[in-house]
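Examining the three-dimensional arrangement
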Amino acid sequence: MFTSGLILLSISEQDLTSLNTLGLQAHAQALLRYQSPDQLPELSDTVRGYSSVFVLGGGSNVVLAPALDCLVVKVESRGIGIYAQTDSHVIVEAHAGETWHDFVEGCVERGWNGLENLALIPGTVGAAPVQNIGAYGVELDQRFHSLVAWDLHKGQAVEMDAGDCEFSYRNSFFKQAEPGRWLIVKVRFALPRHWQPVLGYPDLQRHPVLAQAGASATARQLFDAICEIRRQKLPDPAVLGNAGSFFKNPIVTAGVLESIRKANPQVVAYPQGDGSYKLAAGWLIDQAGWKGRRMGPVGVHDRQALVLVNHGGATAQDIKLLADSIRADVASRFGVQLEQEPVVVGTPGDNLRG
Ligand code: EPU
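All of these numbers come straight from a predicted model, not from anything done at the bench. (Residues numbered from 1 in each chain as written. Predicted model: local features only at pLDDT ≥ 70, side-chain atom pairs only at ≥ 80, totals over all residues. Heavy atoms only, no water.)

One finds Trp100, Phe103, Leu115, Leu140, Leu147, Phe174 and Phe189 to be the most contacted residues of the largest nonpolar core, which totals 46 residues. Elements represented by at least two residues in this core include exactly strand E7 (89-95), helix H2 (100-109), strand E10 (144-151), strand E12 (182-192), helix H6 (208-213) and helix H7 (219-233). Sort the elements by how many residues they give to this core and H7 lands first, with seven residues. When residues no more than four places from it in sequence are discounted, the contact partners of Trp100 are Leu115, Leu118, Ile121, Gly123, Thr124, Val125, Ala128, Ile133, Leu140 and Phe189. (Core = buried A, V, L, I, M, F, W, Y, C linked by side-chain atoms within 4.5 Å. Buried < 20%, exposed > 50% of the residue type's maximum accessible area, 1.4 Å probe, protein only. Helix = DSSP H or I, 4+ residues; strand = E, 2+ residues; numbered from the N terminus. Contact = heavy atoms within 4.5 Å.)

Next comes the structure, spelled out in structure tokens:
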């Protein structure tokens, strides 16, 4: 069945533990490495032999069950270049398997500015549009131009603009789409020639270099500051397994905010401009006393309560028990339902194979 460039790994190599940043123990029925667009037609033929398929990027936004009864396609295609130039923008194109942070740094080095607020977000370029990544005042959709996706069912490439991708807060068409149908091949970003630093986020205003430079801050200064801020708060997945923010910041009505504020005047809330408010889930979890707590092999990070960590040897079931406990506690204390950010793949309670 595997005749040309696709690499199907042997059974013993189907261990996904090192391929997800939470470091959860997981095996797949089969694992295949996609490295170049000329493999796409063959890939479509191959996936027909499996009842389900999961496309894996950097593994930084997934909770993998121990036994995945599916073909996992690991995206490893590389390449970065200029797709087009206009008077106002450089349109930069990157293959899906590029590491997001390295891509952002490469752009800053070449003077293609606009992505620096998104430095150090783990994962790949191809995964970035799936959850519409965002940080420090910039969301991916503000810089997005278009992408090429491969429809694994029909065996054809599809060009998609921002409207087709249906972006919203940590959400897109791809997060809602039929699982295993789409593989993002290339993503293009429109980076402004007349760039202005985005400095509004409180952590940036407090940063000494940025506070001094103000509007004349360079993209490199902003990039370095963001890396420094993130390193202070967020654990490095290579050292302590994690999937970034584990819950979305919930959007609530003014009424819900008021009832929380009565008992908790310090509640952190950002007006959304439509009468609703975004609450800081990290603050809610912290106030509920979860910061730094452990439950078996997993726990809540001691510097950022929004991040769940694997202290070693955890499975999806351990993460689920902790996440469910936090969700139930926050709901009973504040009347707010937290929604999980990482995608669950497979059934957490299933046991490891043999
Ligand atoms: N807070 C606490 N205790 C905590 C954590 C946060 O009180 O343990 C408070 C902070 O003091 C602050 C507020 O909650 O007043 C918000 O915290 P922070 O600025 O750290 O940002 P966040 O809302 O926790 C979001 C994104 C991050 C992104 C940062 C910076 C979500 C779910 N998370 O976090 O994105 O890096 O803003 O823009 O939107 C990710 O999605 O994986 C991610 C890391």
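A common way to state how big an interface is: give the accessible area lost once the parts meet. Split by domain assignment, the protein chain resolves into domain 1 (7-75), domain 2 (80-231) and domain 3 (235-345). The C-alpha-based centres of domain 1 and domain 2 are spaced at 24 Å. Facing the 16 residues of domain 1 at the interface are 18 residues of domain 2. Both faces considered, domain 1 and domain 2 share a buried interface measuring about 1,200 Å² in area, 68% of it formed by carbon and sulfur atoms. Here domain 1 is connected to domain 2 by zero salt bridges. (Domains from an automatic or database assignment. Buried area = accessible area lost by both parts, 1.4 Å probe. Salt bridge = Lys/Arg side-chain N within 4 Å of Asp/Glu carboxyl O.)

Turning our attention to the site of the ligand. In the neighbourhood of the ligand, 24 residues make up the surrounding shell, with Tyr136, Tyr169, Asp286, Gln304 and Ala305 lying closest. Tyr136 places a main-chain nitrogen or oxygen 2.6 Å from an oxygen atom of the ligand. One of the side-chain nitrogen or oxygen atoms of Asp286 is found 2.8 Å away from a nitrogen atom of the ligand. Taking 820 Å² as the accessible area of the ligand by itself, protein coverage stands at 83%. Going through the elements one at a time, strand E8 (134-135), H7, strand E13 (241-245) and helix H9 (281-287) are the ones with two or more residues in the shell around the ligand. Counting residues per element, the shell around the ligand draws most heavily on H9, at three residues. Here the residues of the shell around the ligand are counted per class, giving 11 nonpolar, six polar and seven charged. (Near = heavy atom within 4 Å. Polar contact = N/O pair within 3.5 Å; in protein donor to acceptor, adjacent residues only side chain to side chain. Areas by Shrake-Rupley, 256 points an atom, 1.4 Å probe, with all protein chains shown as cover. Nonpolar A, V, L, I, M, F, W, Y, C, P; charged D, E, K, R; others polar.)

Turning next to the packing of aromatic side chains. Overall, the coordinates contain 10 aromatic pairs when judged by the stated rule. Summarising the aromatic geometry, the rings of Phe103 and Phe189 are spaced 5.4 Å apart at their centres and angled 40 degrees between planes, so their arrangement reads as tilted. With a gap of 86 residues between them, Phe103 in helix H2 and Phe189 in strand E12 connect regions that are remote in the sequence. In terms of burial, Phe103 and Phe189 fall into one category: buried. Residue placement shows Arg188 over the ring face of Tyr83; its charged tip is 3.9 Å from the ring centre. Sitting above the plane of the Trp290 ring, Arg293 keeps its charged end 3.9 Å from the centroid. (Phe/Tyr/Trp six-rings, centres within 6.5 Å; stacked < 30°, edge-to-face > 60°. Lys NZ or Arg CZ within 6 Å of the ring centre and 35° of its normal.)

Turning to the pairing of strand E5 (residues 67-75), a few remarks are in order. Summarising burial for E5: eight of the nine residues are buried, a large majority. Judged from the seven bridges that link them, strand E2 (residues 27-34) and E5 form a sheet pairing that is parallel. Of the residues in E5, the one forming a bridge with Tyr34 is Val75. (Pairing = 2+ DSSP bridges.)

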